[in-house]
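Letter by letter, the chains look like this.
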Amino acid sequence: LTLTPSVQSFVNLRQTTAPSKANRALIGFGDFVPHRNPDRVLTSLKLPESCREQAILIADLSMLPGTAEEIRGVAASMGAPDDALFLGTAFSEDAVKQANLADYRIVYFATHGLLPHKLQCLPQPALAMSMSSAQQQARNDGLLMTEEVVEELTLDADLVVLSACDTGGPGDETGGEALSGLARAFFYAGARSLLVSHWEVPDKPTMRLLTGT
């Protein structure tokens, strides 16, 4: 049973995608740390002051301590070494964009997923990233946006896991193309398949479910 964002995606994945040549099992990103800087969200996303309340919500997203245990458990089952795990403040936009993701058969994110229909000021679907220093904040906004996935990530992955709320989107309630946007972005970046959620997911049960899977 196959679900793709569009008929064209289905065709492309079967006609143009060669088997992965990645020689490493898994790279994992998670254990999100909020950056508490709504001004940075407003500035980097070029949002008006009227969006400050939503910027505060993004800047003050809760920590997800269960995701560290989740990623370590999955990594252990896959035989992935510790140096392939980016947790806490090491889980940043810089880390994601600078990693050679094409070396990994599984690319694993465990964090917050954000959709425009729930945060109307958000221009497109995004994954929340940690920010650990003023230098990182100067370069990054703490959000991996859909367009950044398409334009800046190169994958050769058999599977991308987006262990986060709403990464599949709740269907026709979404703003814009939130359902297809995030999934399509990772397909364009080189993923052959994705594991996503169509709803909000609590931290601890998700850890047990995904580690078992």
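Before any of the text, the structure's been laid out above.
**As for the side chain of Ser20**
Then, in step 1: Note on placement: Ser20 falls in the loop between α1 (7–15) and β1 (24–30).
Then, in step 2: For Ser20, the side chain forms a polar contact with the main-chain nitrogen of Ala22, separated by 3.1 Å.
Then, in step 3: Here Asp156 takes part through its backbone oxygen, which lies 2.6 Å from a polar atom of the side chain of Ser20.
Then, in step 4: In this structure Ser20 touches Arg105, Asp156, Asp158 and Arg192, once residues within four positions along its chain are discounted.

**Considering the state of the cysteines**
In protein structure, a disulfide is the covalent linkage between the sulfur atoms of two cysteines.
Then, in step 1: Applying the stated criterion to the full structure yields one disulfide.
Then, in step 2: Disulfide partner of Cys51: Cys121, at an S-S distance of 2.0 Å. As the torsion about the S-S bond is roughly -80 degrees, the Cys51-Cys121 disulfide counts as left-handed. Of this pair, Cys51 sits in the loop between α2 (38–44) and α3 (52–59) while Cys121 sits in the loop between β4 (113–114) and β5 (126–128), placing them 70 residues apart in sequence. As far as burial versus exposure is concerned, Cys51 and Cys121 are alike and both buried.

**Regarding the side chain of Thr206**
Then, in step 1: Relative to the helices and strands, Thr206 is located in helix α9 (residues 203–212).
Then, in step 2: Once residues within four sequence positions are removed from consideration, Thr206 is found in contact with Glu70, Ser163 and Val201.

**Topic: the nonpolar core**
Then, in step 1: Ranked by internal contacts, the top residues of the largest apolar core, which has 42 residues, are Phe29, Val96, Val107, Phe109, Leu143, Leu155 and Phe186.
Then, in step 2: When residues of this core are assigned to their parent elements, the largest contribution, four residues, is made by helix α8 (residues 178–189).
Then, in step 3: Beyond its immediate chain neighbours, meaning those up to four positions away, Phe186 contacts Phe109, Leu127, Val149, Leu153, Leu155, Val160, Leu162, Ala191 and Leu194.
Then, in step 4: Judged by nonpolar contacts, the second largest core, of 14 residues, contains Leu26, Ala68, Ala75 and Tyr108.

**Side note on the sheet that holds β4**
One key point about sheets: their strands pair by backbone hydrogen bonds, in either a parallel or an antiparallel sense.
Then, in step 1: Ordered by their spatial adjacency, three strands build an open sheet running β4-β5-β6, and the pairing between neighbours is antiparallel. Each end of this open sheet is capped by a strand with a single partner; those strands are β4 and β6 (143–145).
Then, in step 2: The pairing of β4 with β5 spans two bridges and is antiparallel. When the sheet's bridge partners are listed, Gly113 is paired in β5 with Leu127.

**A word on the sheet that holds strand β2 (residues 85–87)**
Then, in step 1: Taken together, five strands build an open sheet; the order of strands is β2-β1-β3-β7-β8 and the sheet is parallel. Edge positions in the sheet fall to β2 and β8 (194–195), since each of these pairs with one other strand and no more.
Then, in step 2: Bridge count between strand β3 (residues 104–110) and strand β7 (residues 159–163): five bridges; the pairing is parallel. The residue bridging Ile106 from the neighbouring strand is Leu159, located in β7.
Then, in step 3: Running at roughly 175 degrees to β1, helix α4 (residues 65–78) makes contact with β1, β2, β3 and β7 of the sheet.

So, how was this worked out
Residues numbered from 1 in each chain as written. Predicted model: local features only at pLDDT ≥ 70, side-chain atom pairs only at ≥ 80, totals over all residues. Heavy atoms only, no water. Helix = DSSP H or I, 4+ residues; strand = E, 2+ residues; numbered from the N terminus. Polar contact = N/O pair within 3.5 Å; in protein donor to acceptor, adjacent residues only side chain to side chain. Contact = heavy atoms within 4.5 Å. Disulfide = S-S within 2.5 Å. Buried < 20%, exposed > 50% of the residue type's maximum accessible area, 1.4 Å probe, protein only. Core = buried A, V, L, I, M, F, W, Y, C linked by side-chain atoms within 4.5 Å. Pairing = 2+ DSSP bridges. Axes fitted to C-alpha atoms, helices over the stretch in contact; angles between N-to-C directions.

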